[in-house]
Amino acid sequence: PANKTTVILGPSGVGKSTLIDLILKLQDPSNGEILIDDTPLSQLNQQDWRNQIAFVPQDSFLFNASILENVTWAKADATSEEVDGALKQAGALEFVRQLPAGINTLVGDRGTSLSGGERQRIALARALIKKPQLLILDEATNAVDDNSEILIKEALAKLSGQMTIIIVAHRSKLVELADHIIKL
């Protein structure tokens, strides 16, 4: 449902990531169809559809560049207000401001100078700067510590009702955010 949070649960290998690939139009269904607002996904323009989606995978890739460059990669013409807003929405603005070089801090190869939770919050900010209609998180808190998961959960709770959110997990505290739960 639009502007609701749906959590998709299930053990490894049950097809959660395949379902996300189908929603992202990275794969076509072998049978049946996916409907978006009663319109078959196969009838939507692929680029238009993908422009409405932001995806945060389990292992988010950060470029060996500054936090600013990593966030604005998704929207090169973003204003400083948009960048700060996305960082705030992702629960990252405070820790970024505390870094010696702030938003201009270099994150290292694949973000190695940041903790796992910090990397995920930067990846979430990069997703949110697009102002997506659909935000998909695929096991996005699986490899972070409990504190980072709580911070990400708080950030997502504030987004509730502003966009459609799909959270894929095999176990997660994020289940508490669900308006709907699908068990595979």
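Here is a short report on the structure shown in this document. (Residues numbered from 1 in each chain as written. Predicted model: local features only at pLDDT ≥ 70, side-chain atom pairs only at ≥ 80, totals over all residues. Heavy atoms only, no water.)

1. Thoughts on the overall build of the protein
Check the secondary structure of the protein and you find 7 helices and 7 strands. When the helices and strands of the protein are placed in sequence order, the string is β-α-β-β-α-β-α-α-α-α-β-α-β-β. Computed over the C-alpha atoms, the radius of gyration of the protein is 16 Å, within 12% of the 16 Å expected from 2.2 N^0.38 for a compact globule of 184 residues. Counting only C-alpha atoms, the protein reaches 55 × 35 × 30 Å along its principal axes. Burial statistics for the protein: of 184 residues in total, 45% are counted as buried. In the protein, the share of contacts with a sequence separation of at least 24, taken over all contacts with a separation of at least 6, comes to 75%. As presented, the protein carries roughly 9700 Å² of accessible surface, and 48% of it is formed by carbon and sulfur atoms. Taking the average place of the 18 positive charges on the side chains of the protein and the average place of its 23 negative ones, the gap between the two points comes to 2 Å. (Helix = DSSP H or I, 4+ residues; strand = E, 2+ residues; numbered from the N terminus. Rg over C-alpha atoms; globule rule 2.2 N^0.38 Å. Buried < 20%, exposed > 50% of the residue type's maximum accessible area, 1.4 Å probe, protein only. Contact = heavy atoms within 4.5 Å. Areas by Shrake-Rupley, 256 points an atom, 1.4 Å probe, with all protein chains shown as cover. Lys, Arg positive; Asp, Glu negative; His and termini not counted. Charge placed at Lys NZ, Arg CZ, Asp CG, Glu CD.)

2. With respect to helix H4 (residues 80–89)
Along H4, the residues that are buried comprise Glu 82, Val 83, Ala 86 and Leu 87. In a view along the axis of H4, the buried residues occupy a sector of 135 degrees, so they form one face of it. Set apart from the buried face of H4 by more than 90 degrees, the exposed residues are Ser 80, Glu 81 and Lys 88. Of the surrounding elements, those touching the buried residues of H4 are helix H3 (67–72), helix H5 (93–98) and helix H6 (116–128). Immediately downstream of H4, the backbone of Gly 91 shows phi near 70 degrees, a positive value. (Arc of directions from axis to C-beta.)

3. Re the pairing of strand S1 (residues 5–9)
Along S1, 5 of the 5 residues are buried, which leaves the element largely enclosed by surrounding structure. Burial along S1 is two-sided: Thr 5, Val 7 and Leu 9 and Thr 6 and Ile 8, pointing in opposite directions, are all buried. Alignment of S1 against strand S6 (residues 164–169), held across 5 bridges, turns out to be parallel. Residue pairing in the sheet places Thr 6 in a bridge with Ile 166 of S6. Note: S1 against strand S7 (residues 180–183), 4 bridges, orientation parallel. (Pairing = 2+ DSSP bridges.)

4. Comments concerning the nonpolar core
Leu 87, Ile 122, Leu 124, Leu 135, Leu 137 and Leu 156 are the most contacted members of the largest nonpolar core, which has 39 residues in total. Per-element tally for this core: the top contributor is H6, with 6 residues. Ignoring anything within four residues of it in the chain, the contact list for Leu 156 reads Leu 124, Leu 135, Leu 137, Ile 165, Ile 167, Leu 174 and Leu 177. In terms of nonpolar packing, the next biggest core, distinct from the first, is built from 11 residues, Ile 8, Ile 53, Leu 134 and Ile 136 among them. (Core = buried A, V, L, I, M, F, W, Y, C linked by side-chain atoms within 4.5 Å.)

5. Structural notes on the side chain of Gln 120
Relative to the helices and strands, Gln 120 resides in helix H6. You can call Gln 120 buried: its relative accessible area is 5%. Setting aside residues up to four positions removed in sequence, Gln 120 forms contacts with Val 56, Pro 57, Gln 58, Ser 60, Ala 140, Val 144 and Ile 152.

6. Looking at the sheet that holds S1
One open sheet holds the 5 strands; their spatial order is S4-S5-S6-S1-S7, and the pairing between them is parallel. Lying at the two open borders of the sheet, with one neighbouring strand each, are strand S4 (53–56) and S7. The sheet shows a mean angle of 15 degrees between the axes of neighbouring strands, direction not considered. Here S4 runs beside strand S5 (residues 134–138); their pairing, made up of 4 bridges, is parallel. Bridging from a neighbouring strand, Ile 53 pairs with Leu 134 of S5. (Axes fitted to C-alpha atoms, helices over the stretch in contact; angles between N-to-C directions.)

7. Some points on the packing of aromatic side chains
Scanning the entire structure with this criterion turns up 2 aromatic pairs. Measuring from ring centre to ring centre gives 5.2 Å for Phe 61 and Phe 63, while their planes differ by 80 degrees; the resulting arrangement is edge-to-face. Ring pairs connect the aromatic residues Phe 61, Phe 63 and Trp 73, which therefore count as one cluster. (Phe/Tyr/Trp six-rings, centres within 6.5 Å; stacked < 30°, edge-to-face > 60°.)

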